[in-house]
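# Tertiary structure, described
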There are 2 protein chains.
Amino acid sequence: METIEIKTPSKSYPVFIGRNTVRSLTDFIIGHYRLTGKIMIITDEKVAGLHLHTVKESLSQTNIPICEYIVPEGEHAKSFDVFYQCQSFALSENLNRKSVIIALGGGAVGDVAGFVAATFMRGIPFLQIPTTLLAHDSAVGGKVAINHPQGKNMIGVFYQPEAVFFDLDFLRTLPPKEWRSGFAEVVKEALIQDSDFYNWLLSSIGNLNDLTEEKLMHMIKRGIEIKAAIVAEDEKETGVRAYLNLGHTLGHAIEGLLGYGSISHGEAVMTGTIFALHLSQRRLGLDFDMQRFISWIHTLGYETTIDRDDKKSELLSFMKRDKKNVSNIITFVLLQKVGHPQMEDIPDSEILDSLSLMYSGK
Amino acid sequence: METIEIKTPSKSYPVFIGRNTVRSLTDFIIGHYRLTGKIMIITDEKVAGLHLHTVKESLSQTNIPICEYIVPEGEHAKSFDVFYQCQSFALSENLNRKSVIIALGGGAVGDVAGFVAATFMRGIPFLQIPTTLLAHDSAVGGKVAINHPQGKNMIGVFYQPEAVFFDLDFLRTLPPKEWRSGFAEVVKEALIQDSDFYNWLLSSIGNLNDLTEEKLMHMIKRGIEIKAAIVAEDEKETGVRAYLNLGHTLGHAIEGLLGYGSISHGEAVMTGTIFALHLSQRRLGLDFDMQRFISWIHTLGYETTIDRDDKKSELLSFMKRDKKNVSNIITFVLLQKVGHPQMEDIPDSEILDSLSLMYSGK
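Only a predicted model underlies this, so the values are computations on that prediction, with no experimental measurement involved.

Per the UniProt record, "domain: 3-dehydroquinate synthase N-terminal" (unreviewed entry) is annotated on residues 69-180 of chain A. Spanning residues 69-180 of chain A, this segment combines 35% helix with 29% strand, and its end C-alpha atoms are found 28 Å apart.

Before going further, it helps to spend a moment on the interface of chain A and chain B. The partner chain B presents 37 residues to the 37 residues of chain A that form the contact. Summed over both partners, the interface of chain A with chain B buries about 3,200 Å², with 63% contributed by carbon and sulfur atoms. The interface formed by chain A and chain B includes two salt bridges. Residue Arg97(A) pairs with Glu237(B) through a salt bridge whose shortest N-O separation is 3.2 Å. Where chain A meets chain B, there are 10 residue pairs in polar contact (both at pLDDT 80 or more). Broken down by secondary-structure element, the contributors of at least two residues to the side of chain A that touches chain B are helix H3 (80-92), helix H4 (107-119), strand E7 (143-148) and strand E8 (151-158) of chain A. With seven residues, the top contributor of residues to the side of chain A that touches chain B is H3(A).

Time to look at the domain arrangement of chain A. All names here are of chain A. Entries for chain A in the domain assignment read domain 1 (2-171) and domain 2 (209-356). Put simply, the middle of domain 1 and the middle of domain 2, counted by C-alpha atoms, are 27 Å apart. In total, domain 1 and domain 2 occlude about 2,600 Å² of area from one another, counting both sides; carbon and sulfur atoms represent 67% of this. Where domain 1 packs against domain 2, one counts five salt bridges. Note that Asp137 and Lys227 form a salt bridge whose closest N and O atoms lie 3.3 Å from each other. Taken together, the connections running from domain 1 to domain 2 amount to 10 residue pairs in polar contact (both at pLDDT 80 or more). Those elements giving two or more residues to the side of domain 1 that touches domain 2 turn out to be strand E1 (2-7), strand E2 (12-18), helix H5 (135-138), E7, E8 and helix H6 (168-171). No other element matches the five residues that E8 contributes to the side of domain 1 that touches domain 2. Considered class by class, the residues forming the side of domain 1 that touches domain 2 number 13 nonpolar, 12 polar and seven charged.

Before going further, it helps to spend a moment on the packing of aromatic side chains. One pass over the full model with this rule turns up 30 aromatic pairs over all chains. Ring geometry for Phe183(B) against Trp296(B): centres 5.9 Å apart, planes inclined by 75°, an arrangement best described as edge-to-face. In this pair, Phe183(B) sits in helix H6 (residues 176-193) while Trp296(B) sits in helix H11 (residues 290-299), placing the two residues 113 residues apart along the sequence. Assigned by exposure class, Phe183(B) and Trp296(B) land together as buried. What links up through ring pairs into an aromatic cluster is the set Phe183(A), Tyr198(A), Phe288(A), Phe293(A) and Trp296(A). The ring centre of Tyr159(B) lies 5.5 Å from the NZ or CZ of Lys11(B), which sits over that ring. Just above the ring of Phe158(A) sits the side chain of Arg122(B); from NZ or CZ to the centre is 5.9 Å.

Conventions adopted
- Residues numbered from 1 in each chain as written.
- Chains lettered and ligands numbered in written order.
- Predicted model: local features only at pLDDT ≥ 70, side-chain atom pairs only at ≥ 80, totals over all residues.
- Heavy atoms only, no water.
- UniProt positions renumbered as here; feature names shortened; annotations may be inferred.
- Helix = DSSP H or I, 4+ residues; strand = E, 2+ residues; numbered from the N terminus.
- Contact = heavy atoms within 4.5 Å.
- Buried area = accessible area lost by both parts, 1.4 Å probe.
- Salt bridge = Lys/Arg side-chain N within 4 Å of Asp/Glu carboxyl O.
- Polar contact = N/O pair within 3.5 Å; in protein donor to acceptor, adjacent residues only side chain to side chain.
- Domains from an automatic or database assignment.
- Nonpolar A, V, L, I, M, F, W, Y, C, P; charged D, E, K, R; others polar.
- Phe/Tyr/Trp six-rings, centres within 6.5 Å; stacked < 30°, edge-to-face > 60°.
- Buried < 20%, exposed > 50% of the residue type's maximum accessible area, 1.4 Å probe, protein only.
- Lys NZ or Arg CZ within 6 Å of the ring centre and 35° of its normal.

So, in structure tokens, the structure goes:
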């Protein structure tokens, strides 16, 4: 088991990565929350069927009463209604300020459970057990939120967990789409911060279906280290943390346009990353083997084009509503070179023009 | 105009108190948010009719676009629905991370507006313009929240404003009930921290309807100073901040039982304070002239008894649900002597027994 310490101005906490880390959860809880009245696990329908039993069995050794609340799968978990239902359930179970909320699941479960923990009685302790590769990114750094029909993650706070338990065994049940979703964030982390890591990914990862434990461990660990360094420097996204949004400006717009959940977050981000790389070549003269990149991620199973030519203006207006924008001009994370991101304001006309490059058959 | 600097671990900010402080608001905004895209004022129906025009006129000098959202009066503003409507309105008005939310109103408006500001896009700047005496307490210290049918302020966060503008001119329109509501918190602040201030109140304030500006200023300033000192020491209520809950354990239960809004917060707290003083005499041998105290606050127009003898067990179960409780035993803030509070666990039987003292005709 490996441990990475996340140090933010508001809190420091460990991320445990390895096999069977869920066993360490029990020791952690006994060590930190011996007097806790209750543990509330928030998980989704699918993960409950796969892993809830294991987690509860492990937690039973703490002798602390456990209750669980099952939310819908994926982005459907991040609605106002589900948020309210979680709060009502917590109250009906008599949770108090010494209770602990555990998020067991992917990014969506972590987001809603974290927002519940952050706001229940003005904040109670919160632990993350990510069960997807994507959640290696979302479980670290304290961004928690729910969606509004007018935009993703529009309502939330920064709220750090007390610890993150990343159990590699839980990843074995993931479908290919989920591997792609998570791997897109790993690629993003490499692109913005570490060209050696990017080259390692490009040469070592030819297939997401049979990753060795060694490769998986390296990929997750390096990804989290990159994120941790950025979050340590800028917890509340007033500066460098924005670089983590490479690919997300268009990515969020694609998710919004298609309806949250109909495309995985990471797959949308990968399309957004290609777009950002195009813009980087055009605006900043990025020296990058685009053909090799596109061919590589195509092999990994990603779509590399956008289907619907007629939706350009809608994508543009979704991007304008992105919460990172503070004016009418859309700001993108671009790359000068791999490992060297910078923010660039891009005029609408150039966005529309470059979007054409992304459409299939053009 | 007087200025008190509030220093918390997460933020330092000024509280301006005096006549016409709303004029300073304009200078503050020009000084701090010149590049702000938009100002959103959240206020309630009543305050909008009385003071919105003054505030908007003053803000017009900033040349920043202004939008306003009117919420229902009192605790009705603190519902999930209103919270959601505020968020939707903010999105439809294209507020972004550089926008500013202003709370113009009493404690309820400040609570919901603060929670909207804290959670909109994970937190945008927030200014308070309290228009009630009660809000001298609630506008300082960063507690923001909405209510759940199962309990008051159950869903919220700690989120400090950027500044508070307390304009004494706005208090002139308050009805007697609102003066009583706010004055109860002033009495509480004196009781937990400053016996000289308590004696000054007792000898100087014989009528809430004709306070001189000098008395009003002294009372508000000293109250805020007491609160500021406590919040500086314990922003997130892990220790001494809990003393500010003197009278609130029973007070919240009375509000909950009667339905939020049917009794003013401070009036309920005053009844709770009498109860806490009774318990303090009984448990801690508090030396206190209870008869003089009750006669004084009776003169000021407060009810000093509880009406409904048959609701004791319901009051008890409301108190058990209070978010300050972390076990099945209810913890009260009591006084060893005036200015020296301490926390005490009180068994249910003793609570029920002492509650009998509070019923009219007994």
